[in-house]
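Summary of structural features
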Amino acid sequence: MSTIFYCPECQAENSLTSKFCNECGHPFKGEPTALLGPNATAPAHASAAAAVAPAETTVASGLLPPNSVLQGRYRITQLLGQGGMGAVYLASDARFSSRTCVIKEMLDHFNDPEQRAQATESFHREADLLSTFKHPGIPEVYDRFTEANRHYLVMEYINGVDLEQRLIDNGAPFSEKEVIAWTIQCCDVLSYLHHQKPGIIYRDMKPANIITTAWGKAYLVDFGIARFFNPVTRGTMIGTQGYAPPEQYRGQVEPRSDLYALGATMHYLLTGRDPQNEPPFSFPPVSTLNPEISPEMEMLILKALDPDAENRYASADEMLGVLMEIGGNDTDVIRDCPHCGHKSSVTRQFCPNCKQYISKKAHALKANGSGAIVTDAAGMHQNKASGPTARLEPGNKAATATNLALPTGKTEFDLVSVKPYVIAGATAVAVALAGIAAWQIFHHRPMALVSQGEAIFLTGNEAKEDGAHAYAAGDYTRAASAYQKASEDDPTDGEARIYWQNSVLMLGKADLVMVAVAGPFTGKFEAKGRAELQGAAHAQQELNSRGKAPRVLLALADDGSSHERALEASKRIVETKGVIGVIGHLDSRSTRAALPIYGLAGLPVISPTSTSIELSDSSPNFFRLSPDDGLQGGVLARYAVEDLHAKRVSVVLPEDNPYIQGLATSFAKEAEDRGVRTEQAIFGDNPDWTELAKGIKAQRPDVVFLAGSHLDAIGLAKATRQVGVNAPILGGDSLYLPELAREGGQAVDGMVCATYYHGALTSAAARDFELEFRSKFQSEANSRAALTYEALNLMVQAIDVVGPQREAVASYIKKLGEQGYATLSGKAKIDAKGNVRRPMFLMKVKDGRFVPVRQVSL
């Protein structure tokens, strides 16, 4: 038996023990039941009549032998199946790192020219139709072409087993719960098809055309007979006997015809009675064959299988709603998307806007049933910690962290048994801030303020405001309770989680050490600051779960996304007693402004993402975890030349930011050294992207390089596509945010950026980090969250060894950097100038998410 299986998302090989795909980071849930790939069982969707042909028969039958190459890029691995109309092969695509794909071939062996023309037309109609589909439950079409008088369709490879084969392997009917889960997904695909303009009727719903992965995801395959619905047109009868409704035998179908076939499919899966072996339209009550089926399910199937279409469910959406009611809490479908906020009048499982999987299992619906749901983008079903959660009330001094039941389910620390440490009475920090006006703290976002929990930067949550009032008043019991609720209301809010932990610390006499986290929690780059807070909260919670002192108290400082505010924030940090070190800032300009203040105070500073070359050797106490702009620009320039074969590049950069301009300069120098012509396009604070795009168009670039933020990238991408510039856009780590892929839409598809972390990393530490991060925040970690997590761990590792002495901590970090230290992406080293060398990743935006292009070792 094979010891590998293939990722259902990117088809990369993985070991049986993998929790995440080592290429794309897709989470693997449960035990794999199908080990599919070049040396394993063929995908059941290979052909509508797929009987796997032995490799030695391919030449004799005129089919392609293994290792045949099509279009100079597709290498045939094996024949998967063949039928009367064609063949299906497994292949690898050399253009995309040997990506596994499925190639459908139409064998041109017709003697009748009219039949040949009809078959060719049907084949191309299938290709054109499939290429328009953008749904996670439908395999993607990559390519179509004609070669040697044969026609080919290149499709996404789905690692799974069709439900007909799975039923045979199971040896018994499936449970109602399993069938509901699959049918909900099928209803969602049918809803997507039926809502197209014009509507599309699938016409061949049956178990053999539903591929399910080992992790419960269902795909609808084989659209060869799908056609646009025209209610006044009669056509030929196409379908599968036993599943096709009466009207389909008459050559006339409508959306409710697909619901009949889905009902027949459910009947088969719940009873094991194959309708193809029985008289047409004869379905005995499900309960007579499977007494475990609920009356509600029996009624649903009975209605779906009504011979009169008028008596069936009016739409896939209506049938989906009934399925949800039957499934109860076991169903996973909601209306409004929690990822992008898309409002829908249709109940769905996949968002039609951002293509994310929608799940409700981790979070309770609001009373109105709208989108208060937050899940991870990969669709993992998160559950709250089991066991009672005690809400802390005034006077409940005996409450422990176990009573608090933090969402990870871990015991953070026992507040009763912890002994005092260096910061006796850490309330001194709160007292130092007591002079700030209450209106400023609670009714406005504070300006350049250091907060331990008495003021909030990310506003809009009543529970957080209540927590801030309580913390400022010294009522840490009420503060802990309020911040706990805020964290549950919005699991993505790292600030609430940090203040929750701080409040719990203040309830006990714990051994404490304070570290400041500085970043853009308000202003233009707030999205980056949110990621930083998530990474800090994750690290703080893990560090405080170690079972040893000191416990880590975090003070947050907002730099307001500007270097002027960063200067004020650095002054406040230095004035705050007990701070041992600083994590931040994220932006090079802010870091540059604040470093002299930190240097005078002897504070060690670790910046997760400041990359300006000018920061090299700027302070003996300064360290950064991201390679500088010279290294980053060189990587992107080499990709532009070697992979994209660029001869002319437009370099887009801001006019007033020398730090971002440094990245553009590094890129341009490397590109020009390799014979590439570069021209600049400069934008200001409020750019007219359309006018800028027209100027770029006049430069006729092969590649557009952007030195800017993800917001700049969205504006640039939309404008360039609008004026007809189709050159790929490259950028640095500033672009690697979920907001870019989610908000940019089709305009940013194909954009490539460099980054220092991705969930597809193969190390055990990275896999554990990604899994726990998704469990806490129900979202994917980006580089800012991951590098902040690394920075806080590195800082506390030094404090553990040398104690809470600023200079000693800085010296030890320097020693660790010289020797090499472990990161989530592999070993890194920091040189004498504070620069780091570590693995980098090139990421491409595809269908609303980032996918890895390659890893680069520096």
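Residues numbered from 1 in each chain as written. Predicted model: local features only at pLDDT ≥ 70, side-chain atom pairs only at ≥ 80, totals over all residues. Heavy atoms only, no water.

**Brief notes about unusual backbone geometry**
A cis amide bond, omega 0 degrees, links K197 with the succeeding residue P198. Of note, P198 is situated in the loop between α3 (176–194) and β10 (200–201). Look at the link from G584 to H585: it is a cis peptide, with omega at -5 degrees. If you check the backbone angles, N67 has positive phi at about 75 degrees while not being a glycine. Among the structural elements, N67 can be located in the loop between β2 (13–15) and β3 (69–70). Under the relative-accessibility criterion, N67 is labelled exposed at 52%. With a phi close to 65 degrees, S561 is a non-glycine residue in the positive phi region. The exposure class assigned to S561 is buried, which follows from its relative accessible area of 18%. (Helix = DSSP H or I, 4+ residues; strand = E, 2+ residues; numbered from the N terminus. Buried < 20%, exposed > 50% of the residue type's maximum accessible area, 1.4 Å probe, protein only.)

**Notes on empty space enclosed by the protein**
One pass over the full model with this rule turns up 5 cavities of 30 Å³ or more. The volume enclosed by the largest cavity comes to roughly 340 Å³. Together, 25 residues line the largest cavity, and K528, D587, T611, I660 and S734 are the ones closest to its centre. For the lining of the largest cavity, the secondary structure elements donating two or more residues are α17 (588–601), α18 (629–642) and α19 (658–673). Looking at which element gives the most residues to the lining of the largest cavity, the answer is α19, with 3 residues. (1 Å grid on protein atoms, 1.4 Å probe; cavity = no way out; pocket = protein on both sides within 12 Å on 5 of 7 lines; lining within 4 Å. Points joined across faces, edges and corners; volume = space filled by probe spheres on them.)

**Considerations on the environment of K776**
Looking at where K776 falls in the secondary structure, it is placed in helix α23 (residues 764–777). Residue K776 is classed as buried on the basis of its relative accessible area, which comes to 3%. For the pair K776 and T492, spaced 284 residues apart in sequence, the C-alpha separation works out to 7.9 Å.

**Digging into the confidence of the model for the protein chain**
Overall, the predicted model of the protein chain reaches an average pLDDT of 77, with 75% of residues at or above 70. Low confidence marks residues 225–237, where pLDDT is under 50. Its contacts with residues over four positions away, or in another chain, come to 39 contacts. In the predicted structure, residues 359–448 sits below a pLDDT of 50 and forms 194 contacts with residues beyond four places in sequence or in another chain. (pLDDT = per-residue confidence, 0-100. Contact = heavy atoms within 4.5 Å.)

**Some words on the nonpolar core**
With 86 residues, the main nonpolar core has I606, F667 and F705 as its most contacted residues. Among the elements that make up this core, the one with the highest residue count is helix α24 (residues 783–802) (11 residues). If we skip the residues at most four places from it in the chain, I606 touches V582, I583, G584, F623, L625, A791, L794, M795 and I813. Counting residues in hydrophobic clusters, the runner-up holds 54 residues, among them M155, L190, L193 and M319. (Core = buried A, V, L, I, M, F, W, Y, C linked by side-chain atoms within 4.5 Å.)

**Focus on the pattern of salt bridges**
Considering all chains together, one arrives at 32 salt bridges under this definition. Close ionic contact of R478 with D466 constitutes a salt bridge, the shortest N to O distance being 2.6 Å. With R478 in helix α13 (residues 476–489) and D466 in helix α12 (residues 462–472), the pair connects residues that are 12 residues apart, well separated along the chain. The exposure class assigned to R478 is partly exposed, which follows from its relative accessible area of 29%. The salt bridge involving E780 is made with R774; its shortest N-O contact spans 3.7 Å. By relative accessible area, which is 2% here, R774 ends up buried. (Salt bridge = Lys/Arg side-chain N within 4 Å of Asp/Glu carboxyl O.)

**A word on the side chain of S666**
Following the sequence through the fold, S666 ends up in helix α19. For S666, a relative accessible area of 14% puts it in the buried group. Contacts of S666, omitting those with residues within four sequence positions, involve I613, D629, G630 and G633.

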